[in-house]
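# Observations on the model geometry
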Amino acid sequence: MKKYLTLLALSSLVVVSNASTEDFNDDLIEAKQVTKIDESTLSSIETKKIILYPQYTVHLNDKDANKKLQNAKPIEAEVGVVYNKKDIGIVIKWNDETKSIQPSMTTNKFGDGTSVEFPTVYGKGKTLAYIGMGDSNHPVMVYLKKAVEGKDYKKAFISEGFGTMTEVQEKYNFTMKYDENKKEWTAILVKPLKTQDLILSGLVPVAFAVWDGDSLNRDGNKMISSWKFVKLGKSNPDTSYIKYISYGYGEIGNHQKGKELMIQNGCNGCHRFDDQTSAPEGLAPNLSKIGGYSNPIYLKESIINPNDVVIKNLNINRHYNKSADRDKNGAYPNNDMYTWYIKSEKGKLQSKMPPYSHLSEQDINDIITYLKTLK
Amino acid sequence: MSKRQLAMVMDLNKCIGCQTCTVACKTQWTNRNGREYMYWNNVETHPGAGYPKNWMEAGGGFDQEGNLKDGIIPDMVLDYGVPWDYNHDELFNGGLLHTKENLEYGPNWDEDVGGGEYPNSYFFYIPRICNHCSNPGCLAACPREAIFKREQDGIVLVDLERCQGYRYCIAGCPYKKIYFNPKISKSEKCIFCFPRVEKGLPPACAHQCVGRIRFVGFLDDEEGQVYKLVHKYKVALPLRPDFGTQPNVYYVPPLFDAPKFDDKMDSIENSRRVPIEYLELLFGKEVHQALDTLRKEMEKRAKGEESELMDILIAYSHRDMFRLDNNYYQKEAVAKNLKGSEFFKVIDQRYLQGANTKKVEIKDYTFHEKVLPLPPRENGHGHH
């Protein structure tokens, strides 16, 4: 209740904390209303510190990138948001000792980059989208900026899970500049508040990602934040929505008990996490780093109602079934064991994970507490 | 995965390493637009590091359980090699000829080096294109699902609208036959000359081959020479079948192989310079059976008896070597009531528009035009 009250006093600046899931106020970004949005307004506005964590849900197949991934560490970024009647402007600053611009004549070098993600479905009565490219119930818009030699590489995508990202045409600006003295990137995104696919108003979930070219980052191999919440406009957001999205911040349970509960309930039969590595890699999302970029309420929804956030698995052709018959061209069929969902006759996706809604509130909170430690 | 599968057979006994295929491919597809360093078709000396350097140790493909394996992305300078320039201008002032850059590697770097110690050294050539695998490693590795096998012939293509240049495909292909185009920041590969194939012409590499070592056809066409070499006589074998991708380029393994010399430089009877273990590594245990069949059929022919297999391998006629099924593609188009360039649009819709693409409005047809340089013809070409 105490947290709930502080939320209503949104205008007061909150003390920055290191852990993203300790205080909901740390995840709130108040947007400043301005008349003109340009580089100078954005570079002078107050920013908020956020932490981006290495993303790891599925094993990707680049041997060199995987070696670097073992040493991946969370990074800090500063973000600030402004808006006027038409547009929203976002500034993202982060330190990067190794400036990488994808060169025009190499095969194995990657550029630094950043992206901003918004769910197209949010607000009162709506659940949170899966942070990694959205899910079938919550398509997301992703604005991507990459440092590529000789190119203004910026793209806007709509996506509803791995492999579904589809480019859309939209008018917006996204720039990225490196300060050699500070060893710092500053990226600025300015886009309309309203487009065909996305309407930004009220309390808007937003997530940030950063790619480090030197670490061979690209695609899902990146640093990503949990959902942050940008407050646009003067009116107070719906209190029930705030109560919903601020669920589970701070101390809500016992992490050791949470781990025991996950093992007792057989989560490790499909998921890998921590020292639990008996499940085949790729059978279900790997939870080893889930705590860094997942909001507590998302974790709760995933446990009690997995069908709400069905995540499309990565390319199913990565696993084929050696015990099945080959077709006339010698091809083995895919191994369906590795699909994370079942498609109904009407084409609706249903998660293969059963709902664990029968668990007690405290058991669920213990599990969330444990999952929060995995990062 | 596909309804039918096109395949190519290459008879290694007749490959002289002249690189005509390489040049045919390069001038047709890869001498421009960021593809300069790529060789969709290359001919390499075996044993050898090949192209890109040590590709057989670069990972990718599938493990015994059918799961995709990790791989690496070769370096443009160190592993592929970039085209280099010479200091021709300086020669007028008395300078000596040298390259402008330090050379690290190239696509034919270890030509004719081979294996074995003099006088028992040996080598043979292997021309390599994309294998258009039945379980492609590149296709499996793509997080964007931007690579697909064409339903009508199993040709593996990159959907350039969906490709984002992540390059997991390059790590996933155990043959390293998909390349990163740094100019457009997307992956590109051998397209089995599909615009030619759809007109009834074989891929340029096969058509230009002076040794007539290449056969092209559908794997299920029992009258075709490809079918006979692969399935009837079983003398054509996939390269590195242990990589687990079910490749569709097949090789007739080298049978001719000089005997070894002894200390007095006399040849040792029944000896082979090429170690059979190396052939097993390349073509699997089936290589024994294939070589036996080839030997027996040769003996039959030497005795004046009939041998269909030897007749096929002599490669009398392009008409028989390249059997693209009597205008199969044209019939597919007619069945859909299409003509001219419409035909390509529908057959290759996914080359433009992704399997999962819904909202994208395709605005740029330039790639499509680049791969279809010929104006539509009213009458489909016959066999040559």
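Structure: see above.
On a predicted model such as this, the values are computed, not experimentally measured, just so you know.

Attention shifts here to the overall build of chain A. Looking only at helices and strands, one finds eight helices and 16 strands in chain A. Expressed as lengths along the three principal axes of its C-alpha atoms, the size of chain A is roughly 65 × 55 × 40 Å. Buried residues in chain A amount to 49% of all 375 residues. Contacts in chain A between residues at least 24 apart in sequence constitute 69% of all its contacts with a sequence separation of at least 6.

Every other side chain in a regular strand lies on the same face of the sheet, so the side chains alternate between the two faces. All names here are of chain B. The element strand β3 (residues 124–128) is extensively covered by neighbouring structure, given that four of its five residues are classed as buried. Relative to β3, strand β2 (residues 42–46) runs antiparallel, the two being bridged by five bridges. Along β3, the bridge assignment pairs threonine 45 with tyrosine 125.

What follows deals with the pairing of strand β5 (residues 87–95) of chain A. All names here are of chain A. Pairing analysis gives seven bridges linking strand β4 (residues 75–83) to β5, with the strands arranged antiparallel. Its bridge partner being in β5, glutamate 78 is matched across the sheet by lysine 93. Counted between consecutive antiparallel strands, the loop separating β4 from β5 contains three residues. Strand direction decides the pairing type here: β5 and strand β11 (residues 184–192), joined by nine bridges, are antiparallel. Each residue of the ladder has a partner; that of lysine 93, found in β11, is threonine 186.

Counting from both sides, the interface comprises 37 residues of chain A and, opposite them, 44 residues of chain B. For the side of chain A that touches chain B, the secondary-structure elements that each account for two or more residues are α3 (63–69) and β9 (166–167) of chain A. Looking at the side of chain A that touches chain B element by element, the count peaks at three residues for α3(A). Considered class by class, the residues forming the side of chain A that touches chain B number eleven nonpolar, 17 polar and nine charged.

This part takes up the packing of helix α5 (residues 255–264) of chain A against helix α8 (residues 361–373) of chain A. Residues and elements named next belong to chain A. Taken N-terminus to C-terminus, the directions of α5 and α8 make an angle of 105°; their axes are 7 Å apart at the nearest point. Here α8 runs roughly perpendicular to α5, going by the angle between their axes. Along the contact surface, α5 presents His255, Lys257, Gly258, Lys259, Leu261 and Met262, while α8 presents Asp363, Asp366, Ile367, Thr369, Tyr370 and Thr373. Of the residues belonging to the contact of α5 with α8, the class tally is four nonpolar, four polar and four charged.

Turning next to the nonpolar core. Among the nonpolar cores identified, the biggest contains 190 residues, and Phe208(A), Val9(B) and Leu229(B) are the most heavily contacted of them. When residues in this core are grouped by element, the largest group, eight residues, is from strand β12 (residues 203–211) of chain A. Sequence-distant contacts of Leu229(B), defined by excluding residues within four places in its chain, comprise Val9(B), Phe215(B), Val235(B), Ala236(B), Tyr250(B), Val252(B) and Ile312(B).

This part takes up the sheet that holds strand β11 (residues 322–323) of chain B. All names here are of chain B. The strand order across the open sheet formed by five strands is β9-β10-β1-β8-β11, and the pairing between neighbours is mixed. Of all strands in the sheet, those with a lone pairing partner are β9 (237–238) and β11, marking the two edges. Bridge count between strand β1 (residues 6–11) and strand β10 (residues 249–252): four bridges; the pairing is parallel. Counted as the bridge partner of aspartate 11 is valine 252 from β10.

Here is what the cut-offs are and how they apply
Residues numbered from 1 in each chain as written. Chains lettered and ligands numbered in written order. Predicted model: local features only at pLDDT ≥ 70, side-chain atom pairs only at ≥ 80, totals over all residues. Helix = DSSP H or I, 4+ residues; strand = E, 2+ residues; numbered from the N terminus. Buried ≥ 20, exposed ≤ 12 C-beta atoms within 10 Å, placed from the backbone. Contact = placed C-beta atoms within 7 Å. Pairing = 2+ DSSP bridges. Nonpolar A, V, L, I, M, F, W, Y, C, P; charged D, E, K, R; others polar. Axes fitted to C-alpha atoms, helices over the stretch in contact; angles between N-to-C directions. Parallel < 35°, antiparallel > 145°, perpendicular 65-115°, else oblique. Core = buried A, V, L, I, M, F, W, Y, C linked by C-beta atoms within 7 Å.

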